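# Chain and residue survey
Residues per chain, in single letters:
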Amino acid sequence: MLDLNRLKALHAVAVYGSVGAAADALMVTPSAVSQQLAKLERETGATLLERNGRGVRLTDAAGLLADHAGRILALVETAEADFEALRGEVVGRLSIAAFPTAARGLLPGALLRLRERHPDLRIQLHEREPERQVREVTRGELDLAVIQDWMNRPMAIPDGLSRVTLFDDVADVILPAGHPLAERPEIELSELAGERWISGSPGTVCHDWLVYTLRAAEVEPDITCMADEYPTQLALVAAGQGCAIIPRLGRVSFPEGVRAVAVRPRPIRRIYVVWRADAARRPAIRAAVDALKAVSAGFQARYASGGTYSPDGPDGTYPPDGPDGALAPERAAGEVPPPRHAAGTPARESVFPAATSR
């Protein structure tokens, strides 16, 4: 009988292209992967790896077996999900990833909520860029991911993944307090031609989006400072090093000497959670999505109707959400509209299938 762990090692090499990369994905040593493959070769009586320069490649026999391994592992995951659904208990392990501002602004409250309600659920949190998260959820390395994309530059979501929108995060232009436009209620991006800009590192989603957005407004970006953390960007704006576009979720607090100004067209990034559709029956997935929605509602409630920035304090900060993600009064009263797509239609929510019953 073929050993499942050995098939998993072979499948990982097929997916990631090398023994080292497969070991990283499986969180084991390359030696452990090589040992599993050697045992699988003896078990099958077939050569599975051949030297290819400094690396290795799969033989035809290994490719055939890896294809079957992928289907077997998918069936195992489906069986585990069905069994958890049958028991109806939120237990086991759940791996979640989030991009940095969501990991800081959403996940602590969601994880606290899950720990209080489901103490037998073990959660592992990772901080990842959105593109990597999508790949890892698709491959089964992550169970759940909180990702973002900008409405003027959406991200493609592969088939086989389900998603639920958490909320739409509005971004504003952040200017030094002494800037000539700092006291305006709203400005056009084109009015910022010739300004120096502060951005994330090249190759990151935020950097590429800023360059794309400014050029779409016929503003050639003069990026003089690069910092990946929004608090650092805010500090650089306060120091007069340029201006930045920062989403509201990324503004934990405002340093003195900066102003947030609404901009037209309004930059909006959609924040949503994704998971594999065939794992949707897991009660742990449902519980995690519910926790993220509850905590996200607290942030969404702090946007006045129409999406205008309405801070609760003079320094532009949001008060912390309660651990239970309780809704603000205006949200509970239904005065704040739900997240909407750029075209103005309500965001389509993924629907969980009915729980398995026997």
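Quick notes on the rules
- Residue positions are given per chain, counting from 1 as you read along its sequence in written order.
- Note on the predicted model: pLDDT of at least 70 is required for a residue's local features to be given, and 80 or more for side-chain atom pairs to be given and counted; whole-chain, interface and lining totals, by contrast, use all residues.
- Derived side-chain values reflect all non-hydrogen atoms in the structure, with water molecules and hydrogen atoms excluded from consideration.
- Only DSSP runs of H or I covering at least 4 residues are called helices, and only runs of E covering at least 2 are called strands; the numbering of each starts at the N terminus.
- Residue contacts are counted whenever heavy atoms from the two residues lie within 4.5 Å of one another.
- The span one expects for a helix is its residue count, reduced by one, times 1.5 Å.
- Burial here depends on accessible area, computed with a 1.4 Å probe over protein chains only, as a share of the maximum for the residue type. Under 20% is buried, over 50% is exposed, and the range in between is partly exposed.
- Polar contact is defined as a pair of N or O atoms within 3.5 Å, subject to the rule that within protein one atom must be able to donate a hydrogen and the other to accept it, and that residues adjacent in sequence are counted only when both atoms are side-chain atoms.
- Take the buried residues of types Ala, Val, Leu, Ile, Met, Phe, Trp, Tyr and Cys, join any two whose side-chain atoms come within 4.5 Å, and each joined set is a nonpolar core.
- Convention adopted: a line fitted to C-alpha atoms gives each axis, helices being fitted over their contacting stretch, and angles between N-to-C directions are expressed from 0 to 180 degrees.
- Definitions for this section: a left-handed crossing has its near helix turned counterclockwise from the far helix by less than a right angle. A right-handed crossing has that turn clockwise.
- Residues are grouped as follows: Ala, Val, Leu, Ile, Met, Phe, Trp, Tyr, Cys and Pro are nonpolar; Asp, Glu, Lys and Arg are charged; all remaining types, including Gly, are polar.
- Ring pairs are drawn from Phe, Tyr and Trp, using the six-membered ring of Trp, whenever the two centres fall within 6.5 Å, and their geometry is named by plane angle: stacked under 30 degrees, edge-to-face over 60, tilted for the rest.
- Put simply, a charge is over a ring when the Lys NZ or the Arg CZ is close to the ring centre, within 6 Å, and near the line of the ring normal, within 35 degrees.
- For classification purposes, an angle smaller than 35 degrees is called roughly parallel, one larger than 145 roughly antiparallel, one from 65 to 115 roughly perpendicular, and anything else oblique.
- Here, a salt bridge means any Lys or Arg side-chain nitrogen found within 4 Å of an Asp or Glu carboxyl oxygen.
- Distance thresholds for patches are 9 Å for like charges and 5 Å for nonpolar side chains (Val, Leu, Ile, Met, Phe, Trp, Tyr), applied to residues having over 30% relative accessible area and no salt bridge.
- Each accessible area value is a Shrake-Rupley result obtained with a 1.4 Å probe; residue values ignore everything except the protein chains displayed when judging cover.
- Neither His nor the chain termini are counted; the positive set is Lys and Arg, and the negative set is Asp and Glu.
- Think of each charge as sitting on NZ of Lys, CZ of Arg, CG of Asp or CD of Glu.
- Predictor confidence is given residue by residue as pLDDT, running from a minimum of 0 to a maximum of 100.

Here the focus is the overall build of the chain. The helix and strand inventory of the chain stands at eleven helices and twelve strands. Looking at the chain alone, contacts between residues at least 24 apart form 74% of all its contacts between residues at least 6 apart.

Attention now goes to helix H1 (residues 4–16). For H1, with 13 residues, the first-to-last C-alpha span of 18 Å sits near the 18 Å given by 1.5 Å per residue. Among the residues of H1, those classed as buried are Arg6, Leu7, Ala9, Leu10, Ala12 and Val13. Structurally, the start of H1 carries an N-cap: the backbone nitrogen of Asn5 is 3.0 Å from a side-chain oxygen of Asp3. Remark: Gly17 follows H1 within two positions and exhibits a positive phi of approximately 90°.

What follows covers unusual backbone geometry. Geometrically, the link from Arg264 to Pro265 is a cis peptide bond, its omega value of -10° lying close to zero. Residue position: Pro265 is located in the loop between strand S11 (258–264) and strand S12 (268–276). Of note in the backbone geometry, Glu218 takes a positive phi value of approximately 60° without being a glycine. Its relative accessible area of 75% is what places Glu218 among the exposed residues.

So, on to the nonpolar core. Core analysis: the biggest nonpolar cluster contains 31 residues, and Leu106, Leu144 and Val146 have the highest contact counts within it. Going through the elements one at a time, strand S3 (92–98), helix H5 (100–105), helix H6 (107–117), strand S5 (144–150), strand S6 (161–176), S12 and helix H10 (283–300) are the ones with two or more residues in this core. Among the elements that make up this core, the one with the highest residue count is H10 (nine residues). Leave out the neighbours within four places in its chain, and Leu106 touches Thr101, Leu166, Phe167, Leu249, Ile271, Val295, Ser296 and Phe299. One finds Trp197, Trp209, Leu214 and Val219 within the second-largest nonpolar core, a separate group that totals 18 residues.

To continue, consider the packing of H1 against helix H2 (residues 19–26). Interaxial distance between H1 and H2 falls to 8 Å at its minimum, and their mutual angle equals 115°. The handedness of the crossing between H1 and H2 comes out as right-handed. Touching Lys8, Ala9, Ala12, Val13 and Tyr16 of H1 are Val19, Ala21, Ala22, Ala25 and Leu26, all from H2. For the contact of H1 with H2, the residue count by class is nine nonpolar, no polar and one charged.

Moving on: the packing of aromatic side chains. According to the stated counting rule, one finds one aromatic pair in the structure shown. Judged by centre distance (3.7 Å) and plane angle (15°), the ring pair of Trp150 and Trp209 falls under stacked. Separated by 59 residues along the polypeptide, Trp150 in strand S5 and Trp209 in helix H8 (residues 205–216) bring together distant segments of the chain. On the basis of relative accessibility, which here comes to 3%, the residue Trp150 falls in the buried class. Under the relative-accessibility criterion, Trp209 is labelled buried at 3%. Seen from the ring of Tyr272, Arg163 lies directly overhead, with NZ or CZ sitting 4.5 Å from the centre.

For the pair H6 and H10, interaxial distance at closest approach is 9 Å and the crossing angle is 130°. In terms of orientation, H6 lies oblique with respect to H10. Once H6 is placed against H10, the crossing between them reads as right-handed. Between H6 and H10, the contacting residues are Leu107, Gly109, Ala110, Arg113 and Leu114 on the first element and Ala287, Ala288, Asp290, Ala291, Leu292, Ala294 and Val295 on the second. For the contact of H6 with H10, the residue count by class is nine nonpolar, one polar and two charged.

Inspection of the secondary structure puts Val252 in the loop between strand S10 (244–247) and S11. In this structure the C-alpha to C-alpha distance between Val252 and Tyr230, which are 22 residues apart in sequence, comes to 8.7 Å.

Before going further, it helps to examine the pattern of salt bridges. Applying the stated criterion to the full structure yields 18 salt bridges. The partner of Glu188 in a salt bridge is Arg264, with the nearest N and O atoms 2.8 Å apart. Separated by 76 residues along the polypeptide, Glu188 in strand S7 (residues 186–188) and Arg264 in strand S11 bring together distant segments of the chain. One continuous salt-bridge network, built from bridges that share partners, spans Glu186, Glu188, Arg264 and Arg266.

A contiguous patch of negative charge, built from Glu127, Glu129, Glu131, Asp208 and Asp228, is present on the exposed surface. Considering the arrangement of structural elements, one finds Glu127 in strand S4 (residues 121–127).

Looking at the chain, pLDDT values average 79 and 81% of them are 70 or higher. Within the chain, the lowest mean pLDDT, 33, falls on helix H11 (residues 329–332), and the highest, 96, falls on strand S8 (residues 196–199). Taken as a whole, residues 354–358 scores under 50 in pLDDT and shows seven contacts with residues more than four places along the chain or in a different chain.

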